[in-house]
Structure formats: C-alpha cells, structure tokens
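Here are the chains, one letter per residue:
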Amino acid sequence: MLSRNGKLNNLLDSREIDDICRLSPQDAEFLENAIQKLGLSIRAWHRILRVSRTIADLAGRQAIEKEHLIEALGYRAMDRLLSRLRSG
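Keep in mind that this is a model prediction, so the values were computed, not measured. Sequence order as written defines the numbering, with residues in each chain counted from 1. Whole-chain, interface and lining totals are the exception, using all residues; otherwise, since this is a predicted model, local features are given only for residues with pLDDT of at least 70 and side-chain atom pairs are given and counted only at 80 or more. Side-chain numbers here rest on the full set of heavy atoms in the structure, without hydrogens or water.

(A) Representation of the nonpolar core within the structure. Take the buried residues of types Ala, Val, Leu, Ile, Met, Phe, Trp, Tyr and Cys, join any two whose side-chain atoms come within 4.5 Å, and each joined set is a nonpolar core. Working definition: with a 1.4 Å probe on protein chains only, accessible area under 20% of the residue-type maximum means buried, over 50% means exposed, and in between means partly exposed. Residues L31, I48 and L49 are the most contacted members of the largest nonpolar core, which totals 18 residues. To qualify as a helix, a DSSP run of H or I must reach at least 4 residues; to qualify as a strand, a run of E must reach at least 2; elements of each kind are numbered from the N terminus. Elements that contribute at least two residues to this core include exactly helix 3 (25–38), helix 4 (42–58) and helix 5 (66–87). Take this core: its biggest share by element is six residues, from helix 4. Once residues within four sequence positions are removed from consideration, I48 is found in contact with L31, I35, L40, A72, L73 and R76. Note on contacts: a residue pair is in contact if any heavy atoms of the two residues lie within 4.5 Å.

(B) Representation of helix 3 in the model. Helix span is expected to be 1.5 Å times the residue number reduced by one. Between its terminal C-alpha atoms helix 3 stretches 20 Å, which fits the 20 Å expected from 14 residues at 1.5 Å a residue. Those residues of helix 3 that sit buried are D27, L31, A34 and I35. Summarising the axial view, the buried residues of helix 3 lie within an arc of 100°, below the 170-degree limit, and thus occupy one face. Exposed and oriented more than 90 degrees from the buried face of helix 3 are P25, Q26, Q36 and K37. Here the arc refers to the directions that run from the helix axis out to each C-beta atom.

(C) Quick peek at helix 4. Taking 1.5 Å of rise per residue, 17 residues should cover 24 Å, and helix 4 covers 24 Å from first to last C-alpha, within 8% of that figure. Of all the positions in helix 4, only A44, W45, H46, I48, L49, S52, R53, I55, A56 and D57 are classed as buried. A 3.5 Å cut-off defines polar contacts: any pair of N or O atoms within that distance qualifies, except that in protein one atom must be a possible hydrogen donor and the other a possible acceptor, and neighbouring residues in sequence count only when both atoms are side-chain atoms. With a side-chain oxygen positioned 3.3 Å from the backbone nitrogen of R43, the residue opening helix 4 is S41. Positive backbone phi, approximately 75°, marks G60, located one or two places after helix 4.

(D) Highlighting the environment of R50. Structurally, the position occupied by R50 is in helix 4. The contacts of R50, once residues within four sequence positions are left out, are N9, N10, L12 and I17. Of the polar contacts made by the side chain of R50, one reaches the backbone oxygen of L12; its length is 2.9 Å.

(E) How the structure looks around the packing of helix 3 against helix 5. Fitted lines through C-alpha atoms serve as axes, helices being fitted only where they are in contact, and the angles separating the N-to-C directions of these axes extend from 0 to 180 degrees. Running from N to C, helix 3 and helix 5 cross one another at 15°; their axes reach a closest spacing of 10 Å. Overall, the two elements helix 3 and helix 5 adopt an arrangement that is roughly parallel. Considering how the two elements wind past one another, helix 3 and helix 5 form a crossing that is right-handed. For the pair helix 3 and helix 5, the contacting residues are D27, F30, L31, A34 and L38 in the first and K66, L69, I70, L73 and R80 in the second. When the residues that make up the contact of helix 3 with helix 5 are grouped by side-chain class, the tally is seven nonpolar, no polar and three charged. Throughout, the term roughly parallel applies to angles under 35 degrees, roughly antiparallel to angles over 145, roughly perpendicular to angles from 65 to 115, and oblique to all others. The sense of a crossing depends on the near helix, which, turned anticlockwise from the far helix by less than a right angle, makes the crossing left-handed and, turned clockwise, makes it right-handed. Throughout, the ten residues Ala, Val, Leu, Ile, Met, Phe, Trp, Tyr, Cys and Pro are labelled nonpolar, Asp, Glu, Lys and Arg are labelled charged, and all others, Gly among them, are labelled polar.

Shown next, in the form of structure tokens:
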C-alpha cells in the first residue's frame with residue numbers, strides 16, 4: 001500500500017479512493033445494495049472501500065474482490081453491534 005499510495009489506506013481521500021479502490025460493476029452493485037439495505041452513508045461507503053483495499057492488500061491481491069467487501073461489511077456490522085451494546 002505504501003509503494004502504491006505513498007500512505008496508508010486509511011488516509012486516502014475521496015478522490016484517491018475512486019482511483020485506487022475501483023470495483024467491478026458487479027461488485028459495485030453488490031456494495032451499493034448492501035449499503036442501502038444497511039442504511040449506511042457515503043462516508044461508510046468510503047470507509048468500507050478503504051478497509052476492503054487493506055484486506056485485498058493483505059491477501060496479495062491487486063483488485064478488491066467481493067470476498068474483501070464481505071469481510072469489510074462484516075467488520076462494519078460488528079462495529080455497529082458493539083456501539084449498540086455499549087449505549088444500551
């Protein structure tokens with residue numbers, strides 16, 4: 001990630017996310033549907049793409065794949081659940 005971006009994925013701005021975290025049309029549609037069903041924002045979309053990019057990097061993959069998106073969405077769902085448990 002450092003050789004590609006010159007910085008960590010969590011520091012990517014929205015323009016860099018668009019360039020570095022490109023998805024196939026099918027994967028973009030999958031993520032869009034998941035975001036809508038979960039009621040998440042564009043900010044969450046960017047966060048999920050950053051995490052997915054990191055997961056793909058750790059797996060040694062050039063492209064973000066559906067499995068990386070699913071794992072990142074799982075982390076997001078866990079974060080929301082933990083937030084509810086803390087406040088409840």
